[in-house]
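# Breakdown of the fold
Now for the letters of each chain:
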Amino acid sequence: MVHMSKPQSLFATLLLVGLTSCGGNEPCDPTSPLCGGGGTTGTPTIAISAPSNSMDAIGATIQLTATVTNTTATPTWTSSNNAVVTVSATGLATAVSNGSATITATVAAVSATSALTVSQVVTSVTVTPSTLALEPIGATGQLTGTAVDRNSNEVASATVVWASSDDGIATVSATGLVTAVAQGSATVTASASGQSGNAAIDVTVPVETVPPTVVAVTPDHEAFEISLDDVISVEFSEDMDPASITISTITVTGPSGAIAGSVSSGGNVATFTPNDPLPGIVTLAVTVTTGVTDVVGNHLASPFTSVFSTQPDPERWYSLTNSFLGPDVRFQTNGTTCTMLGTSDVTGEYWRFVPIGGGRYHLRSLDGGQSRQIEGGDGSLPCDLQPTGSWTGMNWSVTPISGANGYFRLTNENFGSAKSLDTNPEPRMLDSGNFSGQFWMFTDLGPVTSYQFPEPTFVHTATVINGNTTDLVPVQSDPASIVLVTQNWNPPGGSGVLNDASIGVWYAFSGAWGAFNQNVATMPLDAAFNVLLADRMGVSSFVATQTVLSYTMSISHSAIDGNPNALVFVTPVWNPGGVGGIYNDHPIGVWYDGATWNIYNEDILDIAVGAAFNVVVANPSSNAYTHVATSGTISGSETLLDHPLLNGHPDAMITVTQNYSSVVGGGFKNNPNNIAVWYNGSQWSIFNQNGAAMPVDATFNILIDDGFEN
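Residues numbered from 1 in each chain as written. Predicted model: local features only at pLDDT ≥ 70, side-chain atom pairs only at ≥ 80, totals over all residues. Heavy atoms only, no water.

Counting its regular elements, the chain contains 1 helix and 58 strands. Expressed as a percentage of its 710 residues, the buried residues of the chain come to 46%. Taking the intrachain contacts of the chain between residues at least 6 apart in sequence as the baseline, contacts between residues at least 24 apart amount to 63%. By element, 53% of the accessible surface of the chain is carried by carbon and sulfur atoms, the whole surface being about 30500 Å². (Helix = DSSP H or I, 4+ residues; strand = E, 2+ residues; numbered from the N terminus. Buried < 20%, exposed > 50% of the residue type's maximum accessible area, 1.4 Å probe, protein only. Contact = heavy atoms within 4.5 Å. Areas by Shrake-Rupley, 256 points an atom, 1.4 Å probe, with all protein chains shown as cover.)

Here we take up the pairing of strand E37 (residues 419-423). Within E37, 5 of the 5 residues are buried, which leaves it mostly tucked inside the rest of the structure. By the alternation rule, side chains of E37 split into Lys419, Leu421 and Thr423 and Ser420 and Asp422, which are all buried. Pairing of E37 with strand E38 (residues 427-431) involves 5 bridges; the strand directions are antiparallel. Residue pairing in the sheet places serine 420 in a bridge with leucine 430 of E38. Taking the residues between adjacent antiparallel strands as the criterion, E37 and E38 are bridged by 3 residues. (Pairing = 2+ DSSP bridges.)

Let us look at the sheet that holds strand E7 (residues 92-95). Reading across the sheet, the 3 strands line up as E3-E7-E6 and stay open at both edges, with antiparallel pairing between neighbours. Of all the strands in the sheet, just strand E3 (61-63) and strand E6 (85-87) have a single pairing partner and so form its edges. On average, adjacent strands in this sheet sit at an angle of 20° to one another, irrespective of strand direction. Strand direction decides the pairing type here: E6 and E7, joined by 3 bridges, are antiparallel. Opposite valine 85, over in E7, you have alanine 95 as the bridge partner. (Axes fitted to C-alpha atoms, helices over the stretch in contact; angles between N-to-C directions.)

Core analysis: the largest hydrophobic core is formed by 24 residues, its most contacted members being Met55, Leu64, Trp77, Val85, Ile103, Leu116 and Val118. Contributions of two or more residues to this core are made by strand E1 (45-49), E6, E7, strand E8 (99-107) and strand E9 (110-118). (Core = buried A, V, L, I, M, F, W, Y, C linked by side-chain atoms within 4.5 Å.)

Right, let's talk about the sheet that holds strand E11 (residues 131-134) for a bit. If you walk across this open sheet you meet the 4 strands as E11-E18-E17-E14, and the pairing is mixed. Each end of this open sheet is capped by a strand with a single partner; those strands are E11 and strand E14 (161-164). Direction aside, neighbouring strands of the sheet carry axes that sit 25° apart on average. Sheet topology note: the strand E17 (residues 184-192)/strand E18 (residues 195-203) ladder contains 9 bridges and is antiparallel. The partner of alanine 186 across the bridge, within E18, is isoleucine 201.

A separate point is the side chain of serine 309. Structurally, serine 309 is set in strand E27 (residues 304-310). A polar contact is formed between the side chain of serine 309 and the side chain of threonine 283, at a distance of 3.1 Å. Ignoring sequence-local partners within four residues, the contact set of serine 309 consists of Ala223, Phe224, Glu225, Ile226, Val282, Thr283, Pro400 and Phe408. (Polar contact = N/O pair within 3.5 Å; in protein donor to acceptor, adjacent residues only side chain to side chain.)

Let's shift gears to the pattern of salt bridges. Two side chains with opposite charge may pair up if their charged atoms get near one another. Per the counting criterion, the structure on display carries 5 salt bridges. A salt bridge links glutamate 315 to arginine 352, with the nearest nitrogen and oxygen atoms 3.5 Å apart. Linking glutamate 315 in the loop between E27 and strand E28 (316-322) with arginine 352 in strand E31 (residues 351-357), this pair joins segments that are 37 residues apart in sequence. Exposure remark for glutamate 315: the relative accessible area of 41% places this residue in the partly exposed category. Overall, arginine 352 belongs to the buried group, its relative accessible area being 3%. Residue arginine 316 is joined to aspartate 444 by a salt bridge in which the shortest nitrogen-to-oxygen separation is 3.0 Å. In this pair, arginine 316 is assigned in strand E28 and aspartate 444 in strand E39 (residues 440-447), connecting sequence segments 128 residues apart. Classification of arginine 316 as partly exposed rests on a relative accessible area of 25%. (Salt bridge = Lys/Arg side-chain N within 4 Å of Asp/Glu carboxyl O.)

For the rest of this paragraph, the subject is the packing of aromatic side chains. With the rule as written, the count across this model stands at 17 aromatic pairs. Look at tryptophan 506 and tryptophan 574: their rings are 5.8 Å apart centre to centre, the planes differ by 85°, and that puts the pair in the edge-to-face class. In this pair, tryptophan 506 is assigned in strand E43 (residues 503-507) and tryptophan 574 in the loop between strand E48 (567-573) and strand E49 (588-592), connecting sequence segments 68 residues apart. For the pair tryptophan 506 and tryptophan 574, a shared accessibility class is recorded, and that class is buried. Here the aromatic residues Tyr318, Phe353, Tyr361, Phe408 and Phe442 are joined through ring pairs into a cluster of three or more. In this structure, lysine 419 packs its charged tip against the face of phenylalanine 415, placed 5.6 Å from the ring centre. (Phe/Tyr/Trp six-rings, centres within 6.5 Å; stacked < 30°, edge-to-face > 60°. Lys NZ or Arg CZ within 6 Å of the ring centre and 35° of its normal.)

A separate point is the side chain of asparagine 659. For asparagine 659, the location among the structural elements is in strand E55 (residues 653-659). In terms of polar contacts, asparagine 659 uses its side chain to reach the side chain of asparagine 701, at 3.0 Å. The residues contacting asparagine 659, other than those within four sequence positions of it, are Val590, Trp591, Trp597, Thr699, Phe700 and Asn701.

This part takes up the confidence of the model for the chain. Do not read the fine detail of predicted coordinates wherever pLDDT is low. Of all residues in the chain, 89% have pLDDT values of 70 or greater, and the mean over the chain is 88. Contacts of residues 1-28 to residues separated by more than four positions or lying in other chains number 53 contacts, the stretch itself having pLDDT below 50. (pLDDT = per-residue confidence, 0-100.)

Our focus in this paragraph is the environment of tryptophan 351. Secondary-structure assignment places tryptophan 351 in strand E31. The class of tryptophan 351 is buried, set by a relative accessible area of 0%. Spatially, the C-alpha atoms of tryptophan 351 and glutamine 373 are 9.7 Å apart, while their sequence positions differ by 22 residues. Every residue in contact with tryptophan 351, bar those within four places of it in the chain, is listed here: Arg316, Trp317, Tyr318, Leu320, Phe331, Gln332, Thr333, Leu363, Arg364, Ser365, Ile374 and Leu385. Within polar-contact distance, the side chain of tryptophan 351 engages the backbone oxygen of phenylalanine 331 at 3.0 Å.

The linkage connecting threonine 128 with the following residue, proline 129, adopts the cis geometry, with an omega of -10°. As for its position among the elements, proline 129 is in the loop between strand E10 (124-128) and E11. With an omega dihedral of 0°, the bond running from glutamate 135 to proline 136 counts as a cis peptide bond. Along the chain, the position of proline 136 falls in the loop between E11 and strand E12 (140-142). Positive phi, normally seen in glycine, also occurs at isoleucine 281, with a value near 50°. Judged by relative accessible area, which is 2%, isoleucine 281 ranks as buried. Even without a glycine there, the phi angle at aspartate 526 is positive, about 75°. Look at aspartate 526 and you get partly exposed, because its relative accessible area is 31%.

Once that is clear, we can look at the environment of alanine 186. As for its placement among the helices and strands, alanine 186 is situated in strand E17. Note: C-alpha distance between alanine 186 and glycine 168 (18 residues apart in sequence) is 8.9 Å. Filtering out sequence-adjacent residues up to four positions away, alanine 186 remains in contact with Ser164, Ser165, Asp166, Ile169, Ala199, Ala200 and Ile201.

Attention now goes to the environment of serine 256. Along the chain, serine 256 falls in the loop between strand E22 (250-254) and strand E23 (257-258). Given a relative accessible area of 81%, serine 256 falls into the exposed group.

Moving on, we get to the state of the cysteines. Overall, the coordinates contain 0 disulfides when judged by the stated rule. Looking at the unpaired cysteine 338, the closest cysteine sulfur is the one in cysteine 383, lying at 5.7 Å. (Disulfide = S-S within 2.5 Å.)

Shown next, in the form of structure tokens:
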């Protein structure tokens, strides 16, 4: 039997004992080398004791002790894995790497073993480099975090976790890559197994000395036909200091001085927003002073200026002068002829630019009204006022003259850029060139108000009501005006309001024209009317008055006498010229008896003596025709209109009068109902407001103003 001695240490000791006999079961010869040869008697034994069976660092040591009995021989020491633990001849075990190894002590053919484990414990973390300077923003730097044991050997298995004390200054990735975010200082920490190490990060922004520049302006430099509602923006080469963007450092100026407005900025863009619409037909200058700075304080190197020109304001009057004759001689009309006369504040000096699309305008004066406009003929004749039309000589363009700040060139579609409006001595079209008579300037004379220049047709919606009446705004205060109305069930933006009443117009005591229900029923809120002003439409018109009690009355005028093809339109007028006051509460129409035209009550009831009617006459044309209700156009109480100026035009202005005796077919059919027009989304219809069926062959005179300028 082999006897193991009791461990002499409080720490764990593994003991393996082996016995090698000299032969058979006999005890070893004390004098034998196997037994140490020292004369010791008994069987040899060996035991290993150690203060610990684990090591926490590479290079750590444990002194193993072998206790030997019954021999004087010196034990030999070996390791099962020298890559993990080595052992010296004296039993000193040294950790080489993490892992496990068995240490064996052998003497006299007996041995003992001790199992040792190496497991590094992190005692500190080092960060290299310990300081890191980054420049500029966005720069990166790599840090390395090393976890070590107590002998400063790297713990390769340790997981290092990175963190920044201020991500607003510098961020750090999972691999230790640091990125500069903003100027300042931060600490980056590497942690592992409860231990940590730090690196100091310093982010600096280099002092930038390059001055900002203006890279773009909106509107573009020397742009023209700019909308009066535009805002002005300035784009810089870099982000700007918002505190430096003020109404003092970014200004917009015109002939009358600075344009009032406000400025705002964000990043590299500054915006100037005018308080009011920009003035029309002027050259404006955008100026950026050296007071603007970038975010680090660099000033604009030199002042910047850009110019642009605005389009005419159709709601303003302008005077026209040129560089040749100076500011005291104005372009004006003398009858129908254009001339240049000294300033006298007459209506012929007041000019309005009516837009017709494509950057072109019709030029109309307060004196000539809506029915006439300037035409620029060839150079042999002065420009003159002609009836409104679509002639190319009437389609004007206004173009700023480069390098002549504030001056513009007037050309028309007929000649294009080859000829310009000049004064030689009267206004006429001459070859374009660098001539002072072609350098025009426009001075704002004030707003176009309703009494000065109403449109020939417009929609009136009854929002202000006085019993059975509603004032027609913007009809001018002229009791001699010829005003016609047609009920419109649903003009653009309208809500669809029925008003089953015969309509008349009257000159109110307040000095304005109004529409009224002849049956004195209260005017419905939002009832709508198409209004036609004959004197602005450029059509023949007159007032007819009943002289004999009858359901019909003959009318006479050079435009209709003996002319069965005339298109006659009628609206009762209660007090023509502001005098009188006779009702005619009946649906009305017109008819031709073979020699004369007549107005009649569709219900064949008498027209009172003194009853008056506003009459407008047009000849058949592209916008004046007769419609006959047929079985193909009738649907219940309505008849569908099919005309290119109406189809797809919800804003078309339609004037309608029933015609008993059309020469184009149909006719001779009474329709004793109050009519109106409405738009079904694609086409217009005439309908009976009381819902009565529309008679086959009921006939209507139609006059159209679709918003075109003619």
